[in-house]
Amino acid sequence: YQFEKQEKINLLVAGCGSNQAAKMAFTHPKANVVGIDVSQASLAHEQHLKQKHQLNNLTLHQLDLTEIGSLNQTFDFILCSGVLHHLEDPLLGLQALKNVLSPNGVLFVMVYG
């Protein structure tokens, strides 16, 4: 899936770690980027990057991936890299992401083999 850097889309980085959501917000300034992670330390660094680079298009939440539905949002593009295999029930996490994917959206998942 290719989307233009200037395209207005809702983009979720599920398990954003310490910089992945900020990087997406920086490189896609028209996108509405949401980053979620369970780690407060990772989110603190994301918040630092948000302020440093004035990433007004970035919203961060300390949230378990399986609770993503609580945000009441849908996403055109979901990036979930190196996260699902750490969950107690990876299928439950994948289903949670599917439930917030817009009808023509794209889910990009990477798991370690």
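Residues numbered from 1 in each chain as written. Predicted model: local features only at pLDDT ≥ 70, side-chain atom pairs only at ≥ 80, totals over all residues. Heavy atoms only, no water.

1. Brief notes about the pairing of strand β3 (residues 58-62)
Looking at chain direction, strand β2 (residues 32-37) and β3 are connected through 5 bridges and run parallel. Considered in β3, the bridge of Val33 is made with Leu58. Taken together, β2, helix α2 (residues 40-52) and β3 constitute a β-α-β crossover, and its handedness is right-handed. (Pairing = 2+ DSSP bridges. Helix = DSSP H or I, 4+ residues; strand = E, 2+ residues; numbered from the N terminus. Right-handed = clockwise from strand over helix to strand, strands pointing away.)

2. Quick look at the sheet that holds strand β5 (residues 101-110)
In spatial order, the strands read β3-β2-β1-β4-β5; together these 5 strands make up an open sheet with parallel pairing. Each edge of the open sheet is held by one strand with a lone partner, namely β3 and β5. For this sheet, the mean angle separating the axes of adjacent strands, direction not counted, is 15 degrees. Taken strand by strand, helix α3 (residues 90-99) contacts β1 (10-14), β4 (75-81) and β5, and its axis lies near 145 degrees from that of β5. (Axes fitted to C-alpha atoms, helices over the stretch in contact; angles between N-to-C directions. Contact = heavy atoms within 4.5 Å.)

3. So, the environment of Gly17
Among the secondary structure elements, Gly17 is positioned in the loop between β1 and α1 (20-27). Sequence-wise, Gly17 and Glu46 are 29 residues apart; in three dimensions their C-alpha atoms are separated by 7.8 Å. When near neighbours in sequence (up to four residues on either side) are disregarded, Gly17 contacts Asp37, Ser42, Leu43 and Glu46.

4. Quick word on the environment of Gly15
Tracing the chain through its elements places Gly15 in the loop between β1 and α1. Here the alpha-carbon distance between Gly15 and Leu84, two residues 69 residues apart in the chain, equals 8.7 Å. Setting aside chain neighbours within four positions, we find Gly15 in contact with Gln20, Ile36, Asp37 and Val83.

5. Details of a nonpolar patch on the surface
A cluster of nonpolar residues, Leu91, Leu94, Val109 and Val111, forms a patch on the protein surface that exposes about 310 Å² of accessible area. With respect to the helices and strands, the residue Val111 is situated in the segment after β5. (Patch = residues over 30% accessible without salt bridge, like charges linked within 9 Å, V, L, I, M, F, W, Y side chains within 5 Å. Areas by Shrake-Rupley, 256 points an atom, 1.4 Å probe, with all protein chains shown as cover. Salt bridge = Lys/Arg side-chain N within 4 Å of Asp/Glu carboxyl O.)

Keep in mind that these numbers describe shape and distance, not what the molecule does.
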